[in-house]
Amino acid sequence: MQGEQLVAKVLSKCDTYRKSRLWLPPPEVRPSAWINNFTGPDREVAAILLDHFVYYSDLATNALLRSTYRAIVDEIRLATPASPLFGAGDLEDTAVFTRVEDEKPNPTDSGNIFCRKARFVLGIPQELILEPKDALAAAVSGKNVVFLDDFVGSGNQMRETWRRKYAAKQPTSFAELARSRRFHAVYLNLVATRYGVNSLQFDCPELIIRSAHVLGDEYCVRNLANLPANRSFPALADRIHVLLARCAPGLQLKAHMRQADFALYGWHSLGLLLAFEHGVPDATIPLIWAEGPSGWTPLARRPTA
């Protein structure tokens with residue numbers, strides 16, 4: 001199947017997602033308008049990218065959060081002495097919950113959204129959901145800590161939160177506390193890259209990472225040509241790169257996304273095709289989410305702050 005036949009098939013699939021409420025309708029997700037950014041052979045390449053795009057509505061996000069939390073609770077209940085969660089106890093009796101902060105914390109961080117979800121989706125009592133500095137103080141007094149987040153790309157945000165100095169006297173950070181005293185620190189997240197998980201396991205070995213999904217290199221757009229469904233498309237890897245390189249200069253990106261080839265392949269060149277209803281990670285290729293020249297339509301809406 002080639003060209004416009006593929007475009008029609010993929011758009012029909014997207015419409016099914018919309019009708020089944022797995023995807024939000026326009027203007028939140030705009031597959032038809034996004035495809036129309038492209039002309040000629042580029043439409044086929046765009047259709048292949050769209051075919052592999054993964055979108056989590058709030059309904060799906062909440063379901064993932066519940067299942068991941070329940071899996072941690074069950075793991076604690078069944079833990080053996082060899083388990084990193086052995087002795088963690090009932091989380092609502094032994095733990096406090098906090099957010100993961102951006103490298104430069106701001107009110108729009110996804111961690112703030114997930115603290116609200118902890119209250120209203122998981123039913124965690126409000127008094128157990130703390131600011132990171134207060135969570136550190138609670139950990140010093142003997143509590144375990146559950147960090148809440150949606151996505152792990154490079155792992156930088158969790159690494160910075162783990163190492164950030166939240167107290168004036170020792171232990172000043174979670175990392176410092178973990179080196180001097182054993183406590184259970186669990187990083188609950190919904191989607192993580194294998195790159196990010198491996199990086200955190202090396203840099204923050206005391207942190208227990210629990211993800212609903214871990215994405216390997218096969219999820220990078222650089223590797224789409226290797227998937228069985230795409231092997232009939234000649235020179236697909238080169239065609240994708242050419243399309244990204246041609247569009248990147250016209251996209252409206254902040255300075256940190258103009259490093260290396262991030263304007264083509266996203267933060268740390270992770271090259272993902274992923275979005276949540278509440279936001280799109282920087283690790284997703286900017287072609288999906290960035291504003292562009294006059295007449296350009298992003299596929300998924302993204303907060304501008």
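What comes next concerns the included structure. Remember, predicted model here, so these are calculated numbers, not experimental data.

How each quantity is defined
All residue numbers here refer to positions counted from 1 along the written sequence of the relevant chain. Only residues with pLDDT of at least 70 get local features here, since the model is predicted, and only at 80 or more are side-chain atom pairs given and counted; chain-wide, interface and lining totals rely on the full set of residues. As a convention, hydrogens and water are excluded, and side-chain values are obtained from all of the structure's heavy atoms. A run of H or I in DSSP becomes a helix once it reaches four residues, and a run of E becomes a strand once it reaches two; helices and strands are each numbered from the N terminus. All radius of gyration figures rest on C-alpha atoms, and the globule criterion is 2.2 Å times the number of residues raised to 0.38. A 1.4 Å probe rolled over the protein chains alone gives each residue an accessible area, and that area as a share of the maximum for its type sets the label: buried under 20%, exposed over 50%, partly exposed in between. What makes two residues a contact is simply this: any of their non-hydrogen atoms within 4.5 Å. Positive charge is attributed to Lys and Arg, negative charge to Asp and Glu, and no charge count is given to His or to the chain ends. To locate a charge, the coordinates of NZ of Lys, CZ of Arg, CG of Asp or CD of Glu are taken. What is meant by a nonpolar core is a set of buried Ala, Val, Leu, Ile, Met, Phe, Trp, Tyr and Cys residues, joined one to another through side-chain atoms within 4.5 Å. The definitions used throughout rest on a 1 Å grid laid over the protein atoms alone, on which a cavity is an enclosed set of points accommodating a 1.4 Å probe that cannot get out and a pocket is an open set flanked by protein within 12 Å on both sides along at least five of seven lines; lining residues are those having an atom within 4 Å of a point. Grid points are joined across faces, edges and corners, and a volume is the space filled by probe spheres set on the points. Three classes are used: nonpolar for Ala, Val, Leu, Ile, Met, Phe, Trp, Tyr, Cys and Pro, charged for Asp, Glu, Lys and Arg, and polar for all others, with Gly counted as polar. What counts as a disulfide here is a pair of cysteine sulfur atoms lying within 2.5 Å. Take a side-chain nitrogen of Lys or Arg and a carboxyl oxygen of Asp or Glu: if they are within 4 Å of each other, that pair is a salt bridge. Interaxial angles span 0 to 180 degrees and are taken between N-to-C directions of axes, which are lines fitted to C-alpha atoms, for helices over the stretch in contact. By the definition adopted for this analysis, an angle is roughly parallel if under 35 degrees, roughly antiparallel if over 145, roughly perpendicular if from 65 to 115, and oblique otherwise.

**Thoughts on the overall build of the protein chain**
Link 1 in the chain: Along the protein chain, the regular secondary structure elements total 13 helices and seven strands.
Link 2 in the chain: In terms of C-alpha radius of gyration, the protein chain reaches 21 Å, essentially the compact-globule figure of 19 Å for 305 residues.
Link 3 in the chain: Along the longest, intermediate and shortest principal axes, the C-alpha atoms of the protein chain span 65 × 40 × 35 Å.
Link 4 in the chain: Taken over 305 residues, the protein chain has a buried fraction of 52%.
Link 5 in the chain: At a minimum sequence separation of 6, the contacts of the protein chain that also span at least 24 residues come to 66%.
Link 6 in the chain: If the 35 positive side-chain charges of the protein chain are averaged to one point and the 32 negative ones to another, these points end up 1 Å apart.

**Here we look at helix α8 (residues 156–163)**
Link 1 in the chain: Taken together, the buried positions of α8 are occupied by N156, M158, R159, T161 and W162.
Link 2 in the chain: Along its buried surface, α8 packs onto β2 (95–99), β3 (144–148), α9 (174–180), β5 (185–193), α10 (194–203) and β6 (207–215).

**Comments concerning the environment of I35**
Link 1 in the chain: Within the secondary structure, I35 is located in helix α2 (residues 31–35).
Link 2 in the chain: The exposure class of I35 is buried, given its relative accessible area of 1%.
Link 3 in the chain: Along the backbone, I35 and A47 are twelve residues apart, and their C-alpha atoms lie at a distance of 7.0 Å.
Link 4 in the chain: Filtering out sequence-adjacent residues up to four positions away, I35 remains in contact with V7, L11, R43, A46, A47 and L50.

**Brief notes about the nonpolar core**
Link 1 in the chain: If you look at the biggest cluster of nonpolar residues, it comprises 46 residues, and the most contacted ones within it are W34, L49, L50, F53 and L287.
Link 2 in the chain: At the level of elements, α1 (3–19), α2, α3 (42–51), α11 (236–247), α12 (262–265) and α13 (286–289) are the ones that each hand at least two residues to this core.
Link 3 in the chain: No other element matches α3, which puts six residues into this core.
Link 4 in the chain: Formed by 34 residues, the second largest nonpolar core is a distinct cluster that contains L65, I124, F151 and L274.

**Some words on empty space enclosed by the protein**
Link 1 in the chain: Evaluated as defined, the whole model comprises one cavity of 30 Å³ or more.
Link 2 in the chain: Considered as a void within the structure, the largest cavity measures approximately 30 Å³ in volume.
Link 3 in the chain: Together, L244, C247, A248, L251, A263, L264, P286 and L287 line the largest cavity.
Link 4 in the chain: Where the lining of the largest cavity is concerned, the elements lending two or more residues are α11, α12 and α13.
Link 5 in the chain: Grouping the amino acids of the lining of the largest cavity by side-chain chemistry returns eight nonpolar, no polar and no charged.

**Some details on the state of the cysteines**
Link 1 in the chain: Under the counting rule described, the total for this entry stands at zero disulfides.
Link 2 in the chain: The cysteine C14 is free of any disulfide, with C247 supplying the nearest cysteine sulfur at 18 Å.
Link 3 in the chain: Considering cysteine sulfurs only, C220 is the nearest to C247, which forms no disulfide, with 17 Å between them.
Link 4 in the chain: Judged by relative accessible area, C247 falls into the buried class, the value being 15%.

**A short note on the pattern of salt bridges**
Opposite charge on two side chains permits pairing when their charged atoms draw close.
Link 1 in the chain: Within this structure, the stated rule accounts for 17 salt bridges.
Link 2 in the chain: Of the charged contacts in the structure, one is a salt bridge between K117 and D58, with a shortest N-O distance of 3.9 Å. Of this pair, K117 sits in helix α6 (residues 110–120) while D58 sits in helix α4 (residues 58–77); the two residues are 59 residues apart in sequence, bridging distant segments of the chain.
Link 3 in the chain: Looking at K117, the relative accessible area reads 9%, which means it is buried.
Link 4 in the chain: Across the pair E131 and R99 runs a salt bridge whose closest N-O atoms are separated by 2.8 Å. Of this pair, E131 sits in the loop between α6 and α7 (132–140) while R99 sits in strand β2; the two residues are 32 residues apart in sequence, bridging distant segments of the chain.
Link 5 in the chain: Residue classification places E131 among the partly exposed residues on the basis of a relative accessible area of 38%.
Link 6 in the chain: Residue R99 is classed as buried on the basis of its relative accessible area, which comes to 11%.
Link 7 in the chain: Overlapping salt bridges, with partners in common, bring together R99, E101, E131 and R164 in one network.

**Some details on the side chain of R43**
Link 1 in the chain: Along the chain, R43 turns up in helix α3.
Link 2 in the chain: When its relative accessible area of 14% is taken as the criterion, R43 is described as buried.
Link 3 in the chain: Those residues within four positions of R43 in sequence are excluded, and the remaining contacts are E4, V7, I35, N36 and F38.

**Some details on the packing of α3 against α11**
Link 1 in the chain: Here α3 crosses α11 at 100°, and the two axes come no closer than 10 Å. By the angle between their directions, the pair α3 and α11 is classed as roughly perpendicular. Seen from α3, the contacting residues are D42, E44, V45, A46, I48 and L49; seen from α11, they are L236, R239, I240, L243 and R246.
Link 2 in the chain: Broken down by class, the residue content of the contact of α3 with α11 amounts to seven nonpolar, no polar and four charged.

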